[in-house]
Amino acid sequence: MTLALPGADGSLRSYEPRTEPLAATPGTPLTSRTVFSAAHVVADPFADTTPDSPAAVDWDATLAFRRHLWSHGLGVAEAMDTAQRGMGLDWAGAAELIRRSAAEARSVGGRIVCGVGTDQITGGGLADVRAAYEEQLAVVEEAGARAVLMASRALAAAARGPEDYLETYGHLLRQAAEPVVLHWLGPMFDPALEGYWGSSDLDAATGTFLEVVAAHPDKVDGVKVSLLDARREVDLRRRLPRGVRCYTGDDFNYPELIAGDDQGFSHALLGVFDPLGPLAAEAVRVLDTGDTAGFRALLDPTVPLSRHLFRAPTRFYKTGVVFLAWLAGHQDHFTMVGGLQSARSLPHLARAYELADGLGLFPDPKRAEERMRNLLSLYGVNQ
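What this report covers is the structure whose coordinates are included nearby. (Residues numbered from 1 in each chain as written. Predicted model: local features only at pLDDT ≥ 70, side-chain atom pairs only at ≥ 80, totals over all residues. Heavy atoms only, no water.)

1. Notes on the nonpolar core
Put simply, the rule is: The term nonpolar core refers to a set of buried residues drawn from Ala, Val, Leu, Ile, Met, Phe, Trp, Tyr and Cys, joined through side-chain atoms within 4.5 Å. Under the scheme applied here, a residue whose accessible area is under 20% of the maximum for its type counts as buried, over 50% as exposed, and between as partly exposed, the area being computed with a 1.4 Å probe on protein chains only. Put simply, DSSP marks the helices as runs of H or I at least four residues long and the strands as runs of E at least two long, and each gets a number from the N terminus on. Contacts are assigned to residue pairs with any non-hydrogen atoms lying within 4.5 Å of each other.
Tyr169, Leu182, Tyr196, Phe273, Phe323 and Tyr353 are the most contacted members of the largest nonpolar core, which has 121 residues in total. By residue number, the principal contributor to this core is helix 13 (residues 346-359), which donates eight residues. Once you skip the residues sitting within four places of it in the chain, Phe323 turns out to touch Phe334, Leu349, Ala352, Tyr353, Met372 and Leu375. In this structure, Ala38, Met80, Val113 and Val181 belong to the second largest nonpolar core, which totals 10 residues.

2. Structural notes on the environment of Ala145
Its location among the elements puts Ala145 in the loop between helix 3 (126-142) and strand 6 (146-149). The exposure class of Ala145 is buried, given its relative accessible area of 8%. Considering only alpha carbons, one finds Ala145 and Glu78, 67 residues apart in sequence, at a separation of 9.7 Å. Excluding residues that lie within four positions of it along the chain, Ala145 makes contacts with Ile112, Cys114 and Val140.

3. A few points about the pairing of strand 7 (residues 180-185)
The cut-off we apply is this: Between any two strands, at least two bridges found by DSSP are needed for them to pair. Handedness of a crossover is defined as follows: with both strands directed away from the viewer, a clockwise route from the first strand across the helix to the second makes it right-handed.
The buried count for strand 7 comes to six of six residues, which makes it a mostly enclosed element. Residues Val180, Leu182 and Trp184 line one face of strand 7 and the alternating positions Val181, His183 and Leu185 line the opposite face, and both faces are buried. When strand 6 meets strand 7, the two strands line up parallel, connected through two bridges. For Val148, the partnering residue across the bridge sits in strand 7 and is Val181. Relative to strand 8 (residues 220-226), strand 7 runs parallel, the two sharing six bridges. Of the residues in strand 8, the one forming a bridge with Trp184 is Val225. The β-α-β motif built from strand 7, the intervening helix 6 (residues 202-215) and the parallel element strand 8 has right-handed crossover chirality.

4. Details of the packing of helix 12 (residues 317-327) against helix 13
The line we're drawing: Helix axes are fitted to C-alpha atoms over the stretch in contact, other axes to C-alpha atoms as well, and angles between N-to-C directions run from 0 to 180 degrees. Orientation categories follow fixed angle ranges, with anything under 35 degrees roughly parallel, anything over 145 roughly antiparallel, 65 to 115 roughly perpendicular, and all other angles oblique. By convention, the crossing between two helices is left-handed when the near helix turns anticlockwise from the far helix through less than a right angle, and right-handed when the turn is clockwise. Residues are grouped as follows: Ala, Val, Leu, Ile, Met, Phe, Trp, Tyr, Cys and Pro are nonpolar; Asp, Glu, Lys and Arg are charged; all remaining types, including Gly, are polar.
Relative orientation of the contacting elements helix 12 and helix 13 amounts to 55°, with a least axis distance of 10 Å. As judged from the angle between their axes, helix 12 and helix 13 are oblique. Here helix 12 runs over helix 13; the crossing is right-handed. When helix 12 is examined against helix 13, the residues Thr319, Phe323, Leu324 and Leu327 are found in contact with a partner set consisting of Leu349, Ala352, Tyr353 and Ala356. Looking at side-chain class alone, the contact of helix 12 with helix 13 contains seven nonpolar, one polar and no charged residues.

5. Side note on the environment of Ala132
Residue placement: Ala132 occurs in helix 3. Those residues within four positions of Ala132 in sequence are excluded, and the remaining contacts are Gly117, Thr118, Gln120 and Ile121.

6. Observations concerning unusual backbone geometry
In this chain, Ala312 is followed by Pro313 through a cis amide linkage whose omega measures -5°. Mapped onto the elements of the fold, Pro313 is located in the loop between helix 11 (303-309) and helix 12. The backbone of Trp197 sits at a positive phi, close to 70°, despite the residue not being glycine. As for its placement among the helices and strands, Trp197 is situated in the loop between strand 7 and helix 6. The exposure class of Trp197 is buried, given its relative accessible area of 0%. Although it is not a glycine, Leu228 adopts a positive phi angle of roughly 55°. Residue position: Leu228 is located in the loop between strand 8 and helix 7 (230-238). With a relative accessible area of 18%, Leu228 lands in the buried category.

7. Quick notes on the pairing of strand 2 (residues 12-15)
Of the strand pairs in this sheet, strand 1 (residues 3-6) and strand 2 are connected by four bridges, and their pairing is antiparallel. The residue bridging Leu3 from the neighbouring strand is Tyr15, located in strand 2. Hairpin connection of strand 1 to strand 2: five residues between the antiparallel strands, including Gly10 at a positive phi of 90°.

8. Notes on the packing of aromatic side chains
Aromatic ring pairs: the centre-centre distance and the angle between the two ring planes describe each pair. Operational definition: Pairing of aromatic rings covers Phe, Tyr and Trp, the last through its six-membered ring, and needs centres within 6.5 Å; plane angles under 30 degrees mean stacked, over 60 mean edge-to-face, and all others mean tilted.
Throughout the structure, instances matching the rule amount to 18 aromatic pairs. Both rings, one in Tyr15 and one in Tyr353, keep their centres 5.9 Å apart while their planes meet at 85°; by these two values the pair is edge-to-face. Taken together, the residues Tyr15 in strand 2 and Tyr353 in helix 13 connect sequence positions 338 residues apart. Judged by relative accessible area, which is 0%, Tyr353 ranks as buried.

9. Structural notes on the sheet that holds strand 10 (residues 267-270)
Strand order in this closed barrel of eight strands is 3-4-5-6-7-8-9-10, and the pairing throughout is parallel. Strand-to-strand, the axes of this sheet are offset by a mean angle of 25°, without reference to chain direction. Two elements, strand 8 and strand 9 (residues 245-248), share four bridges in a ladder whose sense is parallel. Each bridged residue has a counterpart across the sheet, and for Gly222 the counterpart in strand 9 is Arg245. Strands strand 7 and strand 8 of the sheet are contacted by helix 6, whose axis makes an angle of about 170° with strand 7.

10. A few points about helix 10 (residues 292-299)
Note the threshold: Relevant arc is that of directions from the helix axis to the C-beta atoms, nothing else.
For helix 10, the set of buried residues is Gly294, Phe295 and Leu299. Looking down the long axis of helix 10, one finds its buried residues gathered within 120° of arc, a one-sided arrangement. Away from its buried face by more than 90 degrees, helix 10 exposes Ala293 and Ala297.

Right, here's the structure in full:
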């Protein structure tokens, strides 16, 4: 049986689905790298909501997906960009997600870090930004989780120069109970973050970012860099103080950055490790044995899928992530909070299916094929 998949030019092409999944089973914790998957949330498809309503979350399915990631030895990065922070999931929903996921992590022995931002406010001055960060930091710490200090739209709007970033982050780091991860999210993920760290010149911005770290190395576990620029990440990680980790957030170049070179390597905190979880974990376990070539042989073939999911406008990558979770059987529907399932075209989703199926990512290829047929039928593609 073949599927007729639509291309970007409007034509249909024949595709023969894979019949056997990639063999990837739960395994031991990873040792050579610290790896977090930024996880998506599962919407409640029966909730009577609108795109601008508070998010209605299916908590059982959402937590089950986190148990899936933990079972493969991955950590979970909770309430991050992949969970649609600021794109369907508001702070009230994120706070509940943090509390529930942190409790679940304790119950199963899973590793977790949680996003701290300022998305409960839409403007204000620096004092308002600090207060918003402090409120969220308190929620994460009370839940017993480590914090990821996320980039703030409100801070980007309020700051007048690098000194405002130095003051704001210095204030937060001094009061953090435990070392945090500093997150630099580029404007390709969120256009409102243009000029973060006080400059649109990335060299100048990098200097300010490193100045924050250097002033508080005991309060920074690591930095997460999501700029989709491998050269810049390598340069930055070589300039970090000893003991401060670099977590790659580069969904275009992650295999080479995790593998590293003779001067170091990156750990990982990646949205693409949501759909790639079992395969990514298996690859890192191979790396744990010192087999870099074997690691690259497993992970390099996943890059075309990741580059497709994260193609511009990059911020809509979450649609492809949730789509693949539906095809893989981690949820019973293709519905997203905020109605974001409409953010990618049918040809885009068809190509995502084709690439993921080719990698063997679907535990039940037949179910994935049937769900893809149903979606195509809804769009008027007759098989």
